[in-house]
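Residues per chain, in single letters:
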Amino acid sequence: MSSPRPGSTDPAVVRNFCIIAHIDHGKSTLADRMLQHTGLVDDRSMRAQYLDRMDIERERGITIKSQAVRLPYRAPDGSEYILNLIDTPGHVDFTYEVSRSLAACEGAVLLVDAAQGIEAQTLANLYLAMENDMEIIPVLNKIDLPAAQPEKYAAEIAHIIGCDPEDVLKVSAKTGEGVSELLEAIIEKVPAPKGDADAPARALIFDSVYDTYRGVVTYVRVVDGRIATRDKIEMMSLGTTHELLEVGVISPEPVPSDGIGVGEVGYLITGVKDVRQSRVGDTVTTALKGATESLGGYRDPKPMVFSGLYPLDGSDYPELRDALDRLKLNDAALTYEPETSLALGFGFRCGFLGLLHLEIVRERLEREFNLELISTAPNVVYRVVTDAGKEITVTNPSEFPELKLSQIFEPVVRATVLLPSEFVGAVMELCQQRRGVLLGMDYLSEDRVELRYTLPLAEIVFDFFDQLKSRTRGYASLDYEPTGEQEADLVKVDILLHGEAVDAFSAVVHRDKSQAYGVLMVSKLKELIPRQQYEVPIQAAIGSRIITRETVRAVRKDVLAKCYGGDISRKRKLLEKQKEGKKRMKMVGSVEVPQEAFIAILSTSDSSPKK
Amino acid sequence: MTAARYAPFSLYIHIPFCASICGYCDFNTYTVQELGAGVSQGTFHELLVKELEIASRSLNAPSVSTIFVGGGTPTLIGAHSLTSILRGIENYFPIDADAEITTEANPDSVDKKMLTELREGGFNRLSLGMQSAAPNVLATLQRTHTAGASGQAAKWAREVGFEHVNLDLIYGTPGESDSDVRDSVDVCIDADVDHVAAYSLIVEEGTAMARAVHSGALPPPDDDECADRHAIIDTMLAGAGFSWYEVANWAKPGGASRHNQVYWDNANWWGVGPGAHSHIAGTRWMNYKHPSTYANALESGADLYAEIEKLTPEQVHVEKVMLALRTRAGLPVAELNAQELPRAQTLVRHGLLDPNALENGVVRVTDSQRLLADRVIRELLG
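Predicted, not measured: the structure shown is a model, and the values here were computed from it.

Focus on the overall build of chain A
No. 1: Looking only at helices and strands, chain A features 14 helices and 34 strands.
No. 2: Oriented by its inertia axes, the alpha-carbon framework of chain A measures out at about 90 × 70 × 55 Å.
No. 3: In chain A, which comprises 611 residues, the share counted as buried stands at 58%.
No. 4: By sequence separation, contacts in chain A at least 24 residues apart represent 71% of the contacts at least 6 residues apart.

Okay, structure coming up:
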């Protein structure tokens with residue numbers, strides 16, 4: 001008996017599932033082991049962590065872009081099945097993408113490190129899966145570790161999902177122990193997909209990836225009907241139609257087929273070059289006799305965090321523009337528009353889903369395009385209403401209006417923090433300081449607590465994650481999702497050097513914190529700005545009101561103590577070196593500011609929740 | 001090739017020995033224990049004479065206008081050896097009748113008899129490493145001489161007929177007070193020397209002092225304090241008839257060191273001895289630093305230089321600007337290129353360059369801003 005072919009697979013033998021896991025809890029290793037176990041990849045060609053494609057993903061151990069693998073599987077009883085493993089991005093910024101991946105599945109493997117227990121992002125994704133009524137298969141991984149506490153964490157998981165601790169499977173993705181039991185559990189528990197094979201085609205896009213050679217590769221899960229090669233397809237939310245050049249499945253390399261039917265997972269290639277033409281969450285149907293109602297749930301990606309990206313070397317500006325144009329092809333959420341800063345020159349104001357998204361984009365620009373960049377401190381989007389009733393959206397703090405404002409709105413998130421109970425006081429204090437409102441608190445087990453807060457996104461963007469980690473010795477994990485906006489008493493704090501505002505340093509902060517923020521920035525700058533010929537006042541101001549001031553005293557001695565015959569070469573070489581250093585100075589009015597100072601000041605909020 | 005093309009020509013002789021190494025010092029100098037095989041202090045001058053012969057042959061024996069024996073502690077090898085070096089020079093070079101011939105000395109390694117022998121042997125200028133009159137400062141610097149020895153040695157030097165005597169001072173040493181600096185300058189003025197050099201303490205990497213600063217055992221010298229001390233020294237010396245002619249050098253009329261001026265004029269000199277630097281016709285080199293490496297090269301007839309560079313016209317220009325702007329004489333405005341001239345005018349506006357001097361064709365740092373000379377140099381060179 002041979003395995004069912006794509007396009008003619010009985011939905012009854014299909015199992016669509018994903019793995020919900022925290023980044024270093026072993027998802028990729030488990031996926032690798034499944035590939036081997038089903039015989040899809042032989043041991044020799046096994047590349048560690050087969051499913052993670054990009055270097056950055058591999059190095060950071062995070063999966064940015066999901067993928068789907070079709071695993072033909074022969075059960076011990078001889079029956080043939082098709083397992084579709086749909087990979088999910090494992091990060092807070094990509095909640096929407098995660099939700100679409102989940103929507104493509106009937107079941108989820110909840111994978112938890114047996115030495116660490118569940119983390120906040122995993123919990124958030126788990127709740128998402130549970131809300132979708134998905135079948136959850138709880139699994140503890142790394143049971144081979146000496147520090148593993150499978151009983152403790154099985155009880156924790158059982159408490160969260162409401163099952164018996166006995167039902168929690170125990171595997172070691174590393175050694176392969178328990179993997180065949182897991183595959184059996186997937187067959188047994190995950191429901192087979194249901195759909196109407198005779199209805200007009202409807203397929204959910206759960207991922208969309210730009211490939212240099214093929215153009216955009218769109219990953220879909222067919223819900224109803226069938227999508228076949230040579231069909232003309234329609235993207236229902238965009239209303240655009242495309243010739244379908246190729247349909248296929250990934251197993252584990254792309255395998256073209258005549259089509260894919262109900263419950264199947266595969267890819268489509270239409271020749272479009274921009275992922276914006278093929279959006280995650282959209283419904284694909286056939287242009288001829290297509291569906292009239294989409295699967296629903298589509299959302300435009302909306303940037304939540306903004307930052308100015310500037311080339312260190314101003315002459316790299318065209319390269320930066322080209323690089324962003326290229327990245328955009330593969331990143332539907334990235335937005336950017338040209339911006340000019342008096343201090344930093346020509347650059348772009350870029351919008352991101354969140355801090356990690358920002359960091360990934362920045363890193364790709366630097367790594368793949370060899371650009372050296374300065375990025376301004378990330379900020380959120382403000383909606384302000386002037387006294388005259390005019391509404392303005394502010395994505396750059398330096399453009400925060402000076403007019404009389406009647407209302408200012410800032411985005412808020414619902415944040416979940418998981419932490420050992422001993423740190424509850426410290427974390428509550430932090431959330432309080434950050435204008436948080438407590439929504440609830442639950443003990444997941446004796447010593448682990450879930451805290452839920454409403455927090456302004458701006459507070460999370462500024463240094464929150466670092467603070468959280470340092471207050472909990474690294475044991476807390478954080479997840480958040482945007483929930484709307486709130487009115488707040490916010491002001492713009494400008495930083496002035498020698499009386500001149502440095503646009504890149506402007507920030508919008510809560511009025512109660514403006515003084516502290518000003519003092520912090522001004523004292524930091526005092527350390528970073530070298531003494532100049534004249535005294536340089538550094539001030540923080542709200543409008544025309546100075547709230548704090550420091551002074552960089554004038555330099556009084558800048559001369560080598562002695563310069564005789566043996567010192568001359570050394571001194572000349574030092575001068576040549578200083579000349580290079582001078583090139584790395586930016587002039588702010590008459591003040592020389594080293595690039596290092598910009599970088600040090602602007603990176604204060606490098607605090608994305610990577611872990 | 002005629003010898004005249006090197007005029008004015010000078011010799012620097014390096015004696016790389018010290019009785020002990022001071023904690024702040026990164027000069028190329030060694031104690032007896034560190035010397036290794038093949039070199040002895042007793043016969044070291046013979047090696048130097050060999051290099052003098054090479055220098056004479058290479059340059060066709062130009063006449064010598066200044067000689068400076070430095071170290072290390074030259075007086076450690078004794079007056080006889082030092083004067084033998086002068087005899088060696090005389091063998092291979094014509095020496096100008098009015099040549100300035102200096103040796104450095106440590107205040108505690110000379111007595112009146114030795115100074116007499118040096119003077120009679122041909123030295124006419126003595127430079128003493130006094131550093132400070134404050135016992136606590138001398139202790140921090142790990143100097144072995146007492147506070148009184150320097151003034152005494154300077155007075156002896158005057159008595160036995162040295163025309164020119166210099167006292168070296170170091171200021172800005174951790175633990176030093178303003179009044180310590182005043183005491184030190186008073187000693188110089190009392191000793192009736194005609195030259196004072198005062199250096200702010202530099203904590204050189206690799207020295208015992210740098211380790212103490214890094215470990216927090218010693219505070220680093222403070223630039224503002226150093227600027228204050230420089231002002232104290234300048235005011236006191238000016239009151240006693242000295243005037244500055246380079247950032248770190250003051251002299252009574254006729255007392256300026258002609259040898260120093262050779263360096264700042266970018267003139268030609270040959271440095272003899274281990275680690276000595278030379279500058280001849282746009283080429284700079286430095287000899288092997290360790291005495292035994294140097295001795296081996298000399299014995300085997302190999303090249304003596306460890307580093308050599310032929311200066312490009314741009315490098316020559318940079319050096320001219322950076323050396324001349326340290327001096328009160330300054331730089332002829334004609335030396336500036338088309339980009340530098342407008343920068344000089346900007347620097348005048350910022351009060352860093354002397355406006356009157358510029359009108360008279362000289363680029364000169366203002367007296368009051370001379371401690372910012374390096375900043376001026378960087379700005380001017382762009």
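Some details on the packing of aromatic side chains
No. 1: Tallying each qualifying case throughout the model produces 16 aromatic pairs over all chains.
No. 2: Consider the rings of A:F206 and A:Y219, whose centres lie 6.4 Å apart with planes at 40 degrees: the pair is tilted. Of this pair, A:F206 sits in strand β7 (residues 202-211) while A:Y219 sits in strand β8 (residues 215-224), placing them 13 residues apart in sequence.
No. 3: Overall, A:F206 belongs to the buried group, its relative accessible area being 1%.
No. 4: The positively charged end of A:K562 is found above the aromatic ring belonging to B:Y199, 4.1 Å away from the centroid.
No. 5: In this structure, B:R370 is placed above the aromatic ring of B:W244, and the distance from its NZ or CZ to the ring centre is 4.3 Å.

Topic: the pattern of salt bridges
No. 1: Evaluation of the coordinates by the stated rule reveals 59 salt bridges over all chains.
No. 2: The partner of A:D489 in a salt bridge is A:R511, and the shortest N-O contact between them spans 3.1 Å. Of this pair, A:D489 sits in the loop between β27 (477-487) and β28 (490-497) while A:R511 sits in helix α12 (residues 511-528), and the two are 22 residues apart along the sequence.
No. 3: The exposure class of A:D489 is partly exposed, given its relative accessible area of 36%.
No. 4: A salt bridge links B:K112 to B:E159; the shortest N-O distance between them is 2.6 Å. Residue B:K112 is found in helix α3 (residues 112-121), and its partner B:E159 is found in helix α5 (residues 147-159); the two are separated by 47 residues along the sequence.
No. 5: Among the charged side chains, a salt-bridge network with shared partners connects A:R572, A:K573, A:E576, B:R284, B:E309 and B:E319.

Thoughts on unusual backbone geometry
A negative phi angle is the norm for most residues apart from glycine, just as the trans form is the norm for most peptide bonds.
Residue and element names in this part refer to chain B.
No. 1: Look at the link from A7 to P8: it is a cis peptide, with omega at -5 degrees.
No. 2: With respect to the helices and strands, P8 occurs in the segment before β1 (9-15).
No. 3: That bond from G71 to G72 is cis: its omega, 15 degrees, falls within 30 degrees of zero.

Notes on empty space enclosed by the protein
All names here are of chain B.
No. 1: The full count for this structure, using the stated rule, is three cavities of 30 Å³ or more.
No. 2: The calculated volume of the second largest cavity comes to roughly 50 Å³.
No. 3: Looking at the second largest cavity, the residues that line it are Q131, L169, I170, Y171, E176, V181, S184, V185 and I233.

A look at the sheet that holds strand β16 (residues 283-286) of chain A
Residue and element names in this part refer to chain A.
No. 1: Sheet architecture is open: eight strands sit in the order β11-β10-β16-β7-β8-β15-β12-β13, paired in antiparallel fashion. Where the open sheet ends on each side, the last strands, each with one partner, are β11 (240-243) and β13 (254-257). Neighbouring strand axes in the sheet, compared pairwise and without regard to direction, differ in orientation by 40 degrees on average.
No. 2: As judged from the five bridges shared by β8 and strand β15 (residues 265-269), these two strands associate in the antiparallel manner.

Concerning the interface of chain A and chain B
No. 1: Taken residue by residue, the interface counts 29 residues in chain A and 41 residues in chain B.
No. 2: Of the roughly 3,400 Å² buried at the junction of chain A and chain B (both faces included), carbon and sulfur atoms supply 52%.
No. 3: If you look at where chain A meets chain B, you find 11 salt bridges.
No. 4: In this structure, A:R570 and B:E204 form a salt bridge, with 3.5 Å as the shortest nitrogen-oxygen distance.
No. 5: At the junction of chain A and chain B, the tally comes to 22 residue pairs in polar contact (both at pLDDT 80 or more).
No. 6: Ranked by residues supplied to the side of chain A that touches chain B, first place goes to helix α13 (residues 568-583) of chain A with 11 residues.

Regarding the nonpolar core
No. 1: With 70 residues, the main nonpolar core has B:L11 and B:I13 as its most contacted residues.
No. 2: By residue number, the principal contributor to this core is helix α1 (residues 44-59) of chain B, which donates seven residues.
No. 3: Apart from the residues lying within four places of it in its own chain, the contact partners of B:L11 are B:L52, B:V64, B:T66, B:I67, B:F68, B:I89, B:F93, B:H259, B:W270 and B:V272.
No. 4: Listed in part, the 51 residues of the second largest apolar core include A:L355, A:V380, A:L419 and A:F464.

So, the packing of helix α11 (residues 313-324) of chain B against helix α14 (residues 373-381) of chain B
Residues and elements named next belong to chain B.
No. 1: Interhelical geometry of α11 versus α14 gives an angle of 145 degrees and a closest axis separation of 9 Å. As for how α11 packs across α14, the hand of that crossing is right-handed. Taking contact as the criterion, the partners of H317, V318, V321 and M322 in α11 are, on α14, I377, L380 and L381.
No. 2: Among the residues forming the contact of α11 with α14, the class breakdown is six nonpolar, one polar and no charged.

Let's talk about the environment of A:P397
Residues and elements named next belong to chain A.
No. 1: Mapped onto the elements, P397 comes out in the loop between β23 (391-394) and β24 (405-420).
No. 2: Take P397: its relative accessible area is 9%, and that puts it in the buried class.
No. 3: Taking the C-alpha atoms as reference points, P397 and P378, 19 residues apart in sequence, are found 9.7 Å from one another.
No. 4: Apart from residues lying up to four places away in sequence, P397 is in contact with R349, N379, K492, S506, A507 and V508.

Some details on the domain arrangement of chain B
Residues and elements named next belong to chain B.
No. 1: When its domains are assigned, chain B resolves into domain 1 (3-264) and domain 2 (314-381).
No. 2: A C-alpha centroid distance of 29 Å is found between domain 1 and domain 2.
No. 3: Between domain 1 and domain 2, the buried area comes to about 1,100 Å², and carbon and sulfur atoms account for 59% of it.
No. 4: Ranking the residues of domain 1 by area buried against domain 2 places W244, V247 and W264 at the top, with a combined share of 59%.
No. 5: Here domain 1 is connected to domain 2 by two salt bridges.
No. 6: For E246, the salt bridge goes to R326, with nearest N and O atoms at 2.8 Å.
No. 7: Summed over the shared surface of domain 1 and domain 2, the number is six residue pairs in polar contact (both at pLDDT 80 or more).
No. 8: Of all the secondary-structure elements, those providing two or more residues to the side of domain 1 that touches domain 2 are α8 (223-239), β7 (243-246) and α9 (258-264).
No. 9: With four residues, the single largest contributor to the side of domain 1 that touches domain 2 is β7.
No. 10: Its residues assigned to classes, the side of domain 1 that touches domain 2 shows seven nonpolar, two polar and two charged.

Conventions adopted
- Residues numbered from 1 in each chain as written.
- Chains lettered and ligands numbered in written order.
- Predicted model: local features only at pLDDT ≥ 70, side-chain atom pairs only at ≥ 80, totals over all residues.
- Heavy atoms only, no water.
- Helix = DSSP H or I, 4+ residues; strand = E, 2+ residues; numbered from the N terminus.
- Buried < 20%, exposed > 50% of the residue type's maximum accessible area, 1.4 Å probe, protein only.
- Contact = heavy atoms within 4.5 Å.
- Phe/Tyr/Trp six-rings, centres within 6.5 Å; stacked < 30°, edge-to-face > 60°.
- Lys NZ or Arg CZ within 6 Å of the ring centre and 35° of its normal.
- Salt bridge = Lys/Arg side-chain N within 4 Å of Asp/Glu carboxyl O.
- 1 Å grid on protein atoms, 1.4 Å probe; cavity = no way out; pocket = protein on both sides within 12 Å on 5 of 7 lines; lining within 4 Å.
- Points joined across faces, edges and corners; volume = space filled by probe spheres on them.
- Pairing = 2+ DSSP bridges.
- Axes fitted to C-alpha atoms, helices over the stretch in contact; angles between N-to-C directions.
- Buried area = accessible area lost by both parts, 1.4 Å probe.
- Polar contact = N/O pair within 3.5 Å; in protein donor to acceptor, adjacent residues only side chain to side chain.
- Core = buried A, V, L, I, M, F, W, Y, C linked by side-chain atoms within 4.5 Å.
- Left-handed = near helix turned anticlockwise from the far one by under 90°.
- Nonpolar A, V, L, I, M, F, W, Y, C, P; charged D, E, K, R; others polar.
- Domains from an automatic or database assignment.

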